[in-house]
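Chain by chain, the residues run as shown.
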Amino acid sequence: MSEPTIPVSPKAAEHRPMAPAPARPRVVIIGGGFGGLHAALSLRHLPVDVTVIDRRNHHTFQPLLYQVALAVLSPADIAQPIRTILRRQRNTEVLMDEVVNIDVSTRLVSLGSGSQITYDYLVIATGATHSYFAHPEWKTLAPGLKTIEDATEIRRRVLLAFELAERQMLEHGWHPPLNFVVVGGGPTGVELAGAISDIAQLYMRHDFRHIDPTKSRVLLLEGSPRVLAAYPPDLSAKAEASLRELGVEVHTGTQVTGMGPGYVEASLAKGAGNDGGGSPVRIEAAVTLWAAGVQASPLGKMLGAPLDKRSCVIVDDRLNPPGLPEVFILGDLAHFEQDGHQVPGVAQPAMQMGDHVGKMIAADLKGARRPPFHYFDKGDMATIGRMSAVAKVEWPFKAHMSGFPAWVTWLTVHIFFLIGFRNRIAVFAAWIWTYFTFTRGARLITGDQNLPGWKEQTESGPVSDENKVSISK
């Protein structure tokens with residue numbers, strides 16, 4: 001016999017608990033650089049919950065970091081809080097924390113604060129860091145350029161070298177050689193060398209009373225046969241010619257074999273018209289900067305996926321490591337090949353990869369097949385000093401540009417891609433001010449007043465002409 005049905009009043013029915021809504025997929029994005037930020041923005045209209053994790057609170061426009069390092073721009077001109085960029089995106093939260101472990105079997109991300117976050121999709125876009133080729137002790141002697149902190153440290157060292165030379169000259173009548181050594185002839189090295197030469201030859205030549213900044217030397221050491229080796233040979237040759245016009249001493253086929261406080265040891269590399277067996281040459285260096293190599297973020301090793309020799313995660317055309325369709329690897333951390341060549345780890349591919357993440361997750365939500373990723377190469381550019389650049393243009397037309405036209409193109413593109421209207425106005429104003437007045441508005445020295453090796457150089461006394469050495473081929 002069935003039990004009697006108990007009637008429910010309409011009023012009581014109003015308070016009856018409703019069935020819980022189905023949980024939305026959670027997307028965890030590690031890294032707030034170009035790839036991570038574009039991935040977050042690509043998900044803004046999808047029914048997912050997004051968590052962006054970065055150990056810093058800001059996004060940095062890395063292509064202009066060297067201009068902070070050489071006192072053209074202030075850090076705030078090229079950085080924007082991640083939280084501010086995503087503040088209108090209601091499905092997204094931002095955490096300033098550091099990832100210490102990733103468990104792909106349980107889909108769990110562990111943070112330095114002790115918290116753990118589960119994910120349905122994981123996007124890793126943590127970029128790359130400096131590689132000192134099995135010489136980690138060189139890191140304190142030759143800072144690289146990847147972060148705002150790196151840029152302000154380079155600025156401190158370069159400006160401090162001139163200040164210490166002025167003081168030494170006033171007090172003792174001589175100063176150690178103002179040699180600035182840049183190791184690595186890729187885009188970062190070329191841009192740093194050109195900018196340091198500009199500072200010495202143009203912007204600071206009238207600022208000192210006891211030293212002549214124009215007599216300082218800028219040496220660019222590159223192990224391969226030409227600078228900007230990834231660029232076409234004609235642009236590489238034009239870049240080297242522009243550097244020499246600025247007074248930069250370009251030494252290709254030259255490998256750094258040793259480094260210490262206040263000096264660099266280098267020798268001719270094999271394959272540069274010699275056998276590479278010569279004795280290393282010691283170069284006195286007031287400041288040494290590193291732009292010679294990078295290695296992928298260590299987070300890639302936590303996945304247990306195949307890595308290349310730079311610890312980049314090898315991914316397929318959906319940006320997934322083998323057997324991990326819920327994990328996407330972007331930017332410098334991804335080893336993605338197209339047409340038989342690895343896509344370079346620069347801003348443009350990272351942004352396109354980030355945009356593509358949204359398309360693939362949207363396809364999953366619709367039950368459709370994920371579209372493969374295809375990198376659309378628009379070209380590459382590198383600036384060389386105050387009014388020169390080289391550009392390999394692939395879109396909207398194909399061309400190789402150099403000199404002033406390439407510099408104007410470089411300026412326009414970088415203004416366009418800067419995040420934030422205020423940043424664009426500030427950067428444009430700073431460039432115009434620098435261009436017409438030959439002054440730089442961010443020449444601040446912060447931190448301590450010590451340079452590696454400076455004290456030893458001053459205590460050893462002046463270097464006589466017969467003891468000065470140079471690299472020659």
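Look above for the structure.
Just so it is clear, the model here is predicted, and its values are computed rather than measured. Starting from 1, residues in each chain are numbered consecutively following that chain's sequence as written. Selection of residues for local features in this predicted model requires a pLDDT of at least 70, selection of side-chain atom pairs for listing and counting requires 80 or more, and totals for whole chains, interfaces and linings are taken over all residues. The side-chain values count all of the structure's non-hydrogen atoms but skip hydrogen atoms and water molecules.

Colleague: Please provide a residue-by-residue account of the overall build of the protein chain, values included.
Modeller: Think of it this way: any DSSP run of H or I at least four residues long counts as a helix, any run of E at least two long counts as a strand, and we number them from the N terminus. Scanning the protein chain from N- to C-terminus turns up 11 helices and 26 strands. Seen through its principal axes, the protein chain has C-alpha atoms that stretch 115 × 45 × 45 Å. Each residue is placed in one exposure class: buried if its accessible area under a 1.4 Å probe, protein chains only, is under 20% of its type's maximum, exposed if it is over 50%, and partly exposed if it falls in between. Going through the 473 residues of the protein chain one by one, you find that 49% of them count as buried. In this description, contact between two residues means that some pair of their heavy atoms is separated by no more than 4.5 Å. Considering only contacts within the protein chain whose residues lie at least 6 apart along the sequence, 64% involve residues at least 24 apart. Exposure was quantified through the Shrake-Rupley algorithm and a 1.4 Å probe, taking into account, for residues, occlusion by the shown protein chains and nothing else. Element-wise, carbon and sulfur atoms account for 55% of the exposed surface of the protein chain, whose accessible area totals about 23,000 Å². Of the charged side chains in the protein chain, 46 are positive and 46 negative, and the gap between their average positions amounts to 6 Å. By the counting rule applied here, Lys and Arg register as positive and Asp and Glu as negative, while His and the ends of each chain are not counted. Taken as the charge location is NZ of Lys, CZ of Arg, CG of Asp or CD of Glu.

Colleague: Explain helix α5 (residues 148–172) to me, and be specific about the residues and the numbers.
Modeller: To estimate how far a helix should reach, multiply one less than its number of residues by 1.5 Å. Counted at 1.5 Å a residue, the expected span for α5 with its 25 residues is 36 Å, and the 35 Å between its end C-alpha atoms agrees. The reported bend at a residue is simply the angle between two axes, fitted to the 7 residues ending at it and to the 7 residues beginning with it. The principal kink in α5, of about 25°, is found at leucine 160. Phi turns positive one or two residues past the end of α5, at glycine 173, with a value near 85°.

Colleague: An account of the packing of aromatic side chains is needed here, citing residue identities and associated values.
Modeller: Geometry of aromatic contacts follows a simple scheme: Phe, Tyr and Trp rings, the Trp one being its six-membered ring, pair when their centres are within 6.5 Å, and the pair is stacked under 30 degrees between planes, edge-to-face over 60, tilted otherwise. Under the definition given, this model contains 13 aromatic pairs. Aromatic pair phenylalanine 34 and phenylalanine 61: ring centres 5.7 Å apart, planes at 75°, arrangement edge-to-face. Here phenylalanine 34 is found in helix α2 (residues 34–42), whereas its partner phenylalanine 61 is found in the loop between β3 (58–60) and α3 (65–69), with 27 residues between them in sequence. As far as the burial class goes, phenylalanine 34 and phenylalanine 61 line up, both buried. The interplanar angle of 40° and the centroid separation of 5.4 Å between the aromatic rings of tryptophan 410 and tryptophan 431 together place this pair among those described as tilted. Pair noted here: tryptophan 410 is in helix α9 (residues 403–417) and tryptophan 431 is in helix α10 (residues 421–437), with a separation of 21 residues, a long-range link. Summarising the burial analysis for this pair, tryptophan 410 and tryptophan 431 share the class buried. Cluster of aromatic residues (ring-pair linked, three or more members): Tyr132, Phe133, Trp138 and Trp290.

Colleague: Which residues make up the environment of asparagine 57, and what values go with them?
Modeller: The topology assignment puts asparagine 57 in the loop between β2 (49–54) and β3. The spacing of asparagine 57 and glycine 32 is 25 residues in sequence and 8.4 Å in space, taken between C-alpha atoms. Not counting the four nearest positions on each side in its chain, asparagine 57 is found in contact with Gln80, Pro81, Ile82, Arg83 and Met96. The term polar contact refers here to a pair of N or O atoms within 3.5 Å; inside protein, the definition further demands a hydrogen-donor-capable atom paired with an acceptor-capable atom, and it admits residues adjacent in sequence only when both atoms are side-chain atoms. Polar contacts involving the side chain of asparagine 57 include one to the side chain of histidine 58, which spans 3.2 Å.

Colleague: Tell me about the environment of leucine 451, residues and numbers included.
Modeller: Its place among the elements puts leucine 451 in the loop between α10 and α11 (454–460). Considered as a pair, leucine 451 and methionine 96 are 355 residues apart in the sequence and their alpha carbons are 32 Å apart.

Colleague: I'd like to hear about the sheet that holds β2, residue by residue, with values.
Modeller: Here 5 strands make up an open sheet; going across it, the order is β5-β2-β1-β9-β20 and the pairing parallel. Pairing within the sheet leaves two strands with one partner each, and these edge strands are β5 (92–96) and β20 (327–329). Within this sheet the neighbouring strands show an average axis-to-axis angle of 15°, counted without direction. Pairing geometry for strand β1 (residues 26–30) and strand β9 (residues 121–124), over 4 bridges, is parallel. Bridging from a neighbouring strand, valine 28 pairs with leucine 122 of β9. At least two DSSP bridges between two strands are needed for those strands to be called paired. Lines are fitted to the C-alpha atoms to define the axes, a helix being fitted only along its stretch in contact, and any angle between axes, read from their N-to-C directions, falls within 0 to 180 degrees.

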